[in-house]
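# Secondary and tertiary structure notes
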Amino acid sequence: MTAPPPNSASPKRWTRRHLLGLQDLSADEITIILDEAARYKEQWNAGETKFDDLRGIAVANLFFEPSTRTKTSFSLAAKRLSADTVDFTASTSSLSKGETFIDTALNIQAMGVHQMVVRHSTSGAPEQLAREVQCSIINAGDGTHEHPTQGLLDIFTIRSKRQSLQGLTVALVGDIKHSRVARSNIWGLTKLGAKVIVCGPPTLMPVGIEDLGVEVAHRLDDVLERCDCINLLRVQFERQRGAYFPSVREYAHLYGMNGVRMKKARPDVLILAPGPINRGVEITPDVADGKNSVILDQVTNGLFIRMACLALLRRATEVVREETR
Ligand code: CP
């Protein structure tokens, strides 16, 4: 994929102060982020490893849930853009003394933080914060609602391999009910012209999901051959209340991507997974590490997507300040 030259992309510029989800974004806005990420990737691959976009800016990672990829990736992205960064860890914070989520954020803002990257178990928590603070808020995953930068990096990875999303068939397989990644993928992929199939046990399929413009399937073997890309979602045991399927073994048998299913799939099918992956449940090791897997490309691309988001939000707030002076 070749990135467009600077300033020649869509004439519509990025104007938002927050990134809360892909549901509200237009196809043009999503494309602006993807193109910006492609420019960073191209410059990075040409040997440019440090950028000045966030010099003098402080970025706080506020993670109230565990994370490996998203937290590390945002932290590195901010550093590559020359920001000062601070990582907040909920378990060792004054939350344990009764301080509220909002008070915690207001106190961190009072230290001169400009951008907050927020992960929370409650759907809507980043949106609530965006109403209370002056800094830019980026949703790094809220409850079962959205994980916009994961959706963007999944889409970016597919676009990098296939040039365009238009007309591609992408299956999201597994625990759709509890997956914020599924929702962000659905919004983003459908806006960019892909066909989305959601596939999983009926008990893990949200009521009314068809209204989002997706096809619903309950047998992976029925849709396998039609897919250009298969995104294998983790079964989110930590969000489940009760038993949604008889056993992990049965789940793996019906919905796990394995060597037998790979033989039935298209030879060039892209295998994605947001991670963390449960080897032997939603994906077997031979598939996770196989030639069709782009799982680690997703992780690499996540950095460029997060650099793009941080930089675009910063530029948008700068423009607002200039215009209100
Ligand atoms: N995909 C993802 O959000 O991974 P982490 O939970 O490790 O951030």
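Figured I'd write up the structure that's included with this text. (Residues numbered from 1 in each chain as written. Predicted model: local features only at pLDDT ≥ 70, side-chain atom pairs only at ≥ 80, totals over all residues. Heavy atoms only, no water.)

### Observations regarding the overall build of the protein chain
A count of helices and strands for the protein chain gives eleven helices and nine strands. Relative to the compact-globule value of 20 Å for 325 residues, the protein chain shows a C-alpha radius of gyration of 20 Å, a close match. Dimensions of the protein chain, computed from the C-alpha atoms along their principal axes, are close to 60 × 50 × 35 Å. When burial is assessed residue by residue, the protein chain has 55% of its 325 residues classed as buried. In the protein chain, 73% of the contacts between residues at least 6 apart in sequence involve partners at least 24 apart. Of the roughly 14,200 Å² of accessible surface on the protein chain, a fraction of 51% belongs to carbon and sulfur atoms. Here the protein chain carries 40 positive and 37 negative side-chain charges, and the mean point of each set is 2 Å from the other. (Helix = DSSP H or I, 4+ residues; strand = E, 2+ residues; numbered from the N terminus. Rg over C-alpha atoms; globule rule 2.2 N^0.38 Å. Buried < 20%, exposed > 50% of the residue type's maximum accessible area, 1.4 Å probe, protein only. Contact = heavy atoms within 4.5 Å. Areas by Shrake-Rupley, 256 points an atom, 1.4 Å probe, with all protein chains shown as cover. Lys, Arg positive; Asp, Glu negative; His and termini not counted. Charge placed at Lys NZ, Arg CZ, Asp CG, Glu CD.)

### A short note on the pattern of salt bridges
On inspection of all chains with the given rule, the structure shows 17 salt bridges. Because the salt bridges share partners, they merge into one network encompassing E36, R39, D53 and R315. (Salt bridge = Lys/Arg side-chain N within 4 Å of Asp/Glu carboxyl O.)

### Let's talk about the site of the ligand
Taken together, S67, T68, R69, T70, R119, H147, Q150, P274 and G275 make up the full set of residues adjacent to the ligand. Within the contact set of the ligand, an oxygen atom lies 2.9 Å away from a side-chain nitrogen or oxygen of R119. When the free accessible area of the ligand is taken as 250 Å², the share hidden by the protein chains comes to 92%. (Near = heavy atom within 4 Å. Polar contact = N/O pair within 3.5 Å; in protein donor to acceptor, adjacent residues only side chain to side chain.)

### Thoughts on the packing of helix α5 (residues 148–162) against helix α6 (residues 180–191)
In contact at an axis separation of 8 Å, α5 and α6 are set at 55 degrees when each is read in the N-to-C sense. In this view, α5 runs oblique relative to α6, as classed from their interaxial angle. Read as a crossing pair, α5 and α6 show a hand that is right-handed. Each of P148, Q150, G151, D154, I155 and I158 in α5 lies in contact with α6, whose residues at this interface are V181, S184, N185, G188 and L189. Among the residues forming the contact of α5 with α6, the class breakdown is five nonpolar, five polar and one charged. (Axes fitted to C-alpha atoms, helices over the stretch in contact; angles between N-to-C directions. Parallel < 35°, antiparallel > 145°, perpendicular 65-115°, else oblique. Left-handed = near helix turned anticlockwise from the far one by under 90°. Nonpolar A, V, L, I, M, F, W, Y, C, P; charged D, E, K, R; others polar.)

### Overview of the sheet that holds strand β8 (residues 229–232)
Picture the strands of a sheet paired through backbone hydrogen bonds; they go either parallel or antiparallel. Strand order in the open sheet formed by five strands is β7-β6-β5-β8-β9, with parallel pairing between adjacent strands. Edge positions in the sheet fall to β7 (215–217) and β9 (270–272), since each has one partner strand and no second. Averaged over neighbouring strand pairs, the angle between their axes works out to 20 degrees when direction is ignored. Where strand β6 (residues 195–199) meets β7, three bridges bridge the pair, whose relative direction is parallel. Counted as the bridge partner of I197 is E215 from β7. Where α5 meets the sheet, it contacts β5 (169–173), β8 and β9, and its direction lies at approximately 165 degrees from that of β9. (Pairing = 2+ DSSP bridges.)

### Some remarks on empty space enclosed by the protein
Going through the model one piece at a time under the given rule, you end up with one cavity of 30 Å³ or more. In this model, the largest cavity occupies a volume close to 50 Å³. R69, S73, Q150, L153, P274, Q298, V299, G302 and R306 together form the lining of the largest cavity. Mapped onto the lining of the largest cavity, the elements with two or more residues apiece are α2 (69–80), α5 and α11 (295–324). Residue classes in the lining of the largest cavity are distributed as three nonpolar, four polar and two charged. Counting contributing residues, the lining of the largest cavity receives three or more from each of domain 1 (27–146 + 302–317) and domain 2 (148–299). (1 Å grid on protein atoms, 1.4 Å probe; cavity = no way out; pocket = protein on both sides within 12 Å on 5 of 7 lines; lining within 4 Å. Points joined across faces, edges and corners; volume = space filled by probe spheres on them. Domains from an automatic or database assignment.)

### Examining the packing of aromatic side chains
One pair of aromatic rings is described through two measures. These are the centre distance and the angle between the planes. In this structure the tally under the stated criterion is five aromatic pairs. Ring geometry for W44 versus F304: centroids 6.3 Å apart, planes at 65 degrees, classification edge-to-face. With W44 in helix α1 (residues 27–45) and F304 in helix α11, this residue pair connects regions lying 260 residues apart in the sequence. The exposure class of W44 is partly exposed, given its relative accessible area of 25%. By relative accessible area, which is 2% here, F304 ends up buried. Summarising the aromatic geometry, the rings of Y251 and Y255 are spaced 5.4 Å apart at their centres and angled 35 degrees between planes, so their arrangement reads as tilted. With Y251 and Y255 both in helix α8 (residues 248–255) and four residues apart, this pair spans about one turn of that helix. Each member of the pair, Y251 as well as Y255, carries the same accessibility label: buried. These aromatic residues form a ring-pair network of at least three members: F64, F88 and F101. The aromatic ring of W44 is capped on one face by R80, whose charged end is 3.5 Å from the ring centroid. (Phe/Tyr/Trp six-rings, centres within 6.5 Å; stacked < 30°, edge-to-face > 60°. Lys NZ or Arg CZ within 6 Å of the ring centre and 35° of its normal.)

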